[in-house]
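Reading the structure
The lines below spell out each chain.
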Amino acid sequence: MALVGASYSINAEPFKAGGAPGTQTIDGYNALGPQVEQPIEFPHYTHANVMKINCMYCHTYARRSAVSGIPRLDKCIGCHKMIPEVRDRPRIKKLFWYWDNHKSIPWKKVHDLPDFVRFNHERHIQRFYFQDKRPVREVCGYCHGDVANMTTARRVKAISMGWCIDCHKKDHQISAVNLKTTNGPNDCWMCHK
Amino acid sequence: MATEKKPVVDRRDFLKVLGISGAAATLAGCGNTSIESGVEKVQSYVQPEDFVVPGNSVFYASTCTQCQSNCGIMGRVREGRVLKLEGNPNSIISKGKICGLGQASIQVQYNPDRLTTPMIRDGESLVPATWDQAIKVINQGLGKDSQISGDEIIFLTNGVSGHQKVLIDNFLESYNSKNHIAYEALSNRVGETVRENLYGYSNPVQKVKDAKLIVSFGNDFLGSGVSPVFMATQYAQFRKAPRGTLIQIEPRMTLTGGNADRWYPIRPGTEGVFALGLANALVQHPEYDKTVPEELKLALKAYDKYTVGEITGINPDAIGHVVAMMWEKSPTLVLSGATAEGHKQGYQNAYAIELLNVILGNVGKTVTPPTENPFPQMNPINASYQSLVNLDNQLNTKKTKAMLIMGVNPIYTGPSFVDIKNKFKNVSLKIAMVTQLDETAEMCDVVLPLLSPVEEFGTHVASYQPEGIEISIQQPLMEKLHPHTKSFGDVLLVLLKERDPKNYSKYPDYYSYIREAVVKSKPVFKSSMTDDEFWDSALMNGVLHVPPKEAEFTKIKLNTADLPKAENKPLDVNYPFYFVPSIKADLRDGKHANLPWLQESPDPMTTVVWDSWVEIHPKTAEEMQIREGDILEVKSSMGSLMAKAYLFPGIQPNTISIPFGQGHSSYGRYANNRGVNPFKIINPITDEKTGELALFATRVQIIKTGNKEKVVKDEGPTTLQQGRKLVVTMAADQAELSKEV
Ligand code: SF4
């Protein structure tokens, strides 16, 4: 992959808005969240779409922990130190300002579940990505939408209880080779514990 | 292949005997009914350790400093915040368990009333200041050129140990002083002195688990004793088949008393007489007769069962029952505790009780010598009430020029006849080091905000060492929460470096001081590790362990001069009740009243929360027409207190009790203006031999005020429960457990 002189414009990433907040989506739920202003307008499009970086390269905790976590700052810097071409871009300058000052970036949560809900990233990633071998963009996209086509992420799925349960009711194939199906657990305390 | 080892005592057994369990509270998301976007922040780590995974917990070993047991603990840390404490399985003392008081120490850390900046005195009040300003004030009195020396400086602490103690003593040395005063309002000095004189060790090992019968005179070893967590695991083993028997003799039922098979209410202060009654009956058996010197046998004759029954208020036949068990069950263990020792004849009481161990042949079996600490300088300093008298005397001379105070609150715990508060005015520079302002700190000239125990480094050695010697390492479980708080060690080192740069300038901070001290101990542990490895492994394990060493008691001398007199002391007509304040396993001397989990944990015997109450026997209450909730004035010759009546069958009928710990006026929102402080009505009576305050020798009268208030409690079926039995309980021996679960 050529990192140098890539022929894209960082301002030209397409963002699929999907409708005003509260509009109905195809799956029947009020879905779209507000635009969230972030300390750095992180271009998911550039990283995940143009550069084809696996979501889990940065959100490395998603497969190991209940939370996907925000990538550690030294991970961003680790790559960007090696890309002097973009070093002077305003967003990268901001990034290095945080690094130089040893400060963490105060990102705003886009998908903030109430405290009485426990969603486990690890379980979903292990099942659909590692076991079923589905594409990572699709797996993350079940809940987060097509983030690879966004700049800063925005909520596009309902992520309400009914919405979760709908999916848990569906039959999912056990793995890429096993055609048997199962559905997700529907015990209250799986999520409310 | 590693096989999983089944723990000797499982969690259930442990919890069964522990009174304040699971003080953990859960707060659900408040009003947050749907997913939010852009409201809360999610900060990433800048450069975390590789093993840190957000959402997954990391456990760090440390030491609990809530009481002097110094249990090894593990802190569960997530996203840089300590969330929960557990016991450290490497710790000999905690064996992976922890008590409710230990659990609650997390609330010292997150307490909203924590002091976050230094304060200095400006006329009548304390005002926030910077560290520079505070150090400037301190330097004016104690700085490089200070001429203060010897007894002109006082360092007042609780019973500190480890390098905290070493550094304090180093600090005092730089002023040519040894004036480290260690004060504990609820000290064990009387019993310790007896054991020191009798066995040569103040804290011999008391092997609860090896005994078949334990006779305890007011020793609340499961609640507020020397090492409650260790004792609870031992006790769980003692109760496994063949089940050991526990007999508890005390005026007011403690948590341990509540667990006992037989509980005898005794007139306060007569415990020693009852012990000698037992001794007298015991030596009637030919086997025990052999070991007891004639002189003692002769002295014991005065303690026949009827005399003893008369004095103690216990049915004379009880002596026969207890002694029959003593003959039958071997080995036994006899324990003396706070309520037996806090009297004018406290020393004699404890001596008579220990005598039973000697006669029963327990010495060397269930009472064994402790292991010698290869680092004696780290042993805990003897803390006592006597120290308060010492402080009082020193302040009277008006010689004291500077005083540093840490870990104690004498203005709150000091009895009213020791007027420390007024004498504070005689000292021109008083420096308090605290995590939160309290009654004593409020009277000081400079108040320094310390790190909380979960942010601090340190080493500790508990006074009770049951299996070898455990040196517990304390390490921060998280970064400091408030930027302007400092480690106690760093504060002292700043001053020490000025006074003695030759020896102390090599330490950039307290961490390096502790690290060097721990690493220097390496040869004792015969470790082949490098310094770095040794330090890392000490932090990782949380403890350094010196294995137990066989030792023998030197010859034990029995002394008939130290026996309590068999005399009947009539009750004072003006003050017809004995006053036996209770020591709660959580609030203790009031130091922990600022922790809301402890305030809301129901008292294990009465289930009352967030308040003080007067325990009175139902029969006495009936005679005096007192009902629950009646506000009573409890009056001694030193003062009076008002609290609600609570009818409690677990108390000797002529005795009333109010728990220690409440009645703060200046200790944050959770402690202030809640209940009353029993220390303030304690009479000026001391143990004749040791000079320790006789905490349980006060006599009081009760006056009904005519007012009434509801007692807030969490009690079972004895209350009406709105006319229905909402929570029905059943005695354990009536329940068929296999059917219940
Ligand atoms: S017994 Fe003391 S040291 Fe041990 S956990 Fe409880 S409060 Fe902490």
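See the structure above.
Residues numbered from 1 in each chain as written. Chains lettered and ligands numbered in written order. Predicted model: local features only at pLDDT ≥ 70, side-chain atom pairs only at ≥ 80, totals over all residues. Heavy atoms only, no water.

Right, let's talk about the sheet that holds strand S22 (residues 613-616) of chain B for a bit. Residues and elements named next belong to chain B. Strand order around the closed barrel formed by six strands is S21-S25-S22-S24-S23-S26, with mixed pairing between neighbours. Along the sheet, successive strands turn relative to each other by an average axial angle of 45°, direction set aside. Strand direction decides the pairing type here: strand S23 (residues 630-636) and strand S26 (residues 698-708), joined by five bridges, are antiparallel. Looking at the pairing, lysine 635 lines up with glutamine 701 of S26. (Pairing = 2+ DSSP bridges. Helix = DSSP H or I, 4+ residues; strand = E, 2+ residues; numbered from the N terminus. Axes fitted to C-alpha atoms, helices over the stretch in contact; angles between N-to-C directions.)

A word on the sheet that holds strand S18 (residues 458-461) of chain B. Residue and element names in this part refer to chain B. With respect to topology, three strands assemble into an open sheet ordered S18-S19-S20, the strand pairing being antiparallel. Among the strands making up the open sheet, the edge pair consists of S18 and strand S20 (543-546). Averaged over all adjacent pairs, the angle separating strand axes in this sheet is 20°, with direction ignored. Here S18 pairs with strand S19 (residues 469-474) via four bridges, running antiparallel. Across the sheet, the residue bridging to valine 461 is isoleucine 471, located in S19. Where helix H22 (residues 531-541) meets the sheet, its contacts fall on S19 and S20, and the angle it forms with S20 comes to roughly 100°. (Contact = heavy atoms within 4.5 Å.)

What follows concerns the interface of chain B and chain A. Interface size, as often reported, equals the accessible area lost upon joining of the parts. Contact with chain B, which involves 25 residues of that partner, is made by 32 residues of chain A. It is B:Ile35, B:Val42 and B:Val46 in chain B that bury the most area against chain A; as a group they hold 28% of the surface buried on that side. There are two salt bridges connecting chain B and chain A. B:Asp50 is the salt-bridge partner of A:Arg72, the closest N and O atoms lying 3.5 Å from each other. When strand S1 (residues 106-108) of chain A meets strand S1 (residues 41-43) of chain B, the two strands line up antiparallel, connected through three bridges. Residue pairing across strands places A:Pro106 opposite B:Gln43, the latter belonging to S1(B). (Buried area = accessible area lost by both parts, 1.4 Å probe. Salt bridge = Lys/Arg side-chain N within 4 Å of Asp/Glu carboxyl O.)

All names here are of chain B. Near the ligand, the surroundings consist of Cys64, Gln66, Cys67, Ser69, Asn70, Cys71, Ile98, Cys99, Leu101, Gly102, Pro228 and Val229. Structurally, the ligand is housed in the second largest cavity. Sorting the residues of the shell around the ligand by element identifies helix H2 (100-103) and helix H7 (228-238) as the ones contributing at least two each. Tallied by class, the residues present in the shell around the ligand amount to eight nonpolar, four polar and no charged. (Near = heavy atom within 4 Å. 1 Å grid on protein atoms, 1.4 Å probe; cavity = no way out; pocket = protein on both sides within 12 Å on 5 of 7 lines; lining within 4 Å. Sits in = over half its atoms within 2 Å of the grid points. Nonpolar A, V, L, I, M, F, W, Y, C, P; charged D, E, K, R; others polar.)

The subject of this paragraph is the packing of aromatic side chains. Residue and element names in this part refer to chain B. Evaluation of the coordinates by the stated rule reveals 25 aromatic pairs over all chains. Arranged with centres 5.8 Å apart and planes meeting at 90°, the rings of phenylalanine 155 and phenylalanine 171 form a pair that is edge-to-face. With phenylalanine 155 in strand S7 (residues 153-157) and phenylalanine 171 in helix H5 (residues 162-173), this pair connects stretches of sequence that are 16 residues apart. On the basis of relative accessibility, which here comes to 0%, the residue phenylalanine 155 falls in the buried class. Ring geometry for tyrosine 511 and tryptophan 535: centres 5.7 Å apart, planes at 70°, overall edge-to-face. Of this pair, tyrosine 511 sits in helix H21 (residues 510-520) while tryptophan 535 sits in helix H22, and the two are 24 residues apart along the sequence. Take tryptophan 535: its relative accessible area is 2%, and that puts it in the buried class. (Phe/Tyr/Trp six-rings, centres within 6.5 Å; stacked < 30°, edge-to-face > 60°. Buried < 20%, exposed > 50% of the residue type's maximum accessible area, 1.4 Å probe, protein only.)

It is worth spelling out the pairing of S7(B) at this point. Residue and element names in this part refer to chain B. Here S7 lies mainly inside the structure; five of its five residues are buried. Side chains Ile153, Phe155 and Thr157 of S7 all project onto a buried face; the interleaved residues Ile154 and Leu156 project onto the opposite face, where all are buried too. Sheet topology places S7 next to strand S15 (residues 402-406); five bridges connect them, and they run parallel. Note on S15: the bridge partner recorded for leucine 156 is isoleucine 405. Here S7 runs beside strand S8 (residues 180-182); their pairing, made up of three bridges, is parallel. In the strand pairing of S8, phenylalanine 155 is matched with histidine 180.

A word on the packing of H5(B) against H21(B). Residues and elements named next belong to chain B. Orientation of H5 relative to H21, taken along the N-to-C sense of each, is 110°, at an axis distance of 11 Å. Taken together, the axes of H5 and H21 lie roughly perpendicular to each other. Considering how the two elements wind past one another, H5 and H21 form a crossing that is right-handed. In contact with His163, Gln164, Val166, Leu167 and Asn170 of H5, H21 contributes Tyr510, Tyr513, Ile514 and Ala517. Looking at the contact of H5 with H21 residue by residue, the class counts come to six nonpolar, three polar and no charged. (Parallel < 35°, antiparallel > 145°, perpendicular 65-115°, else oblique. Left-handed = near helix turned anticlockwise from the far one by under 90°.)

Attention now moves to empty space enclosed by the protein. Left-over empty space is what a probe sized like a water molecule reveals as it rolls over the atoms. Residue and element names in this part refer to chain B. Under the criterion given, the structure shown has five cavities of 30 Å³ or more. Reported here for the largest cavity is a volume of approximately 100 Å³. As for the largest cavity, its lining consists of Asp220, Gly223, Arg252, Thr254, Leu255, Ser582, Ile583, Lys584, Ala585, Asp603, Pro604 and Met605. The volume enclosed by the second largest cavity comes to roughly 90 Å³. As for the second largest cavity, its lining consists of 13 residues, and the residues nearest its centre are Cys64, Cys67, Cys71, Cys99 and Val229. Those elements giving two or more residues to the lining of the second largest cavity turn out to be H2 and H7. Partitioning the lining of the second largest cavity into residue classes produces eight nonpolar, four polar and one charged. (Points joined across faces, edges and corners; volume = space filled by probe spheres on them.)

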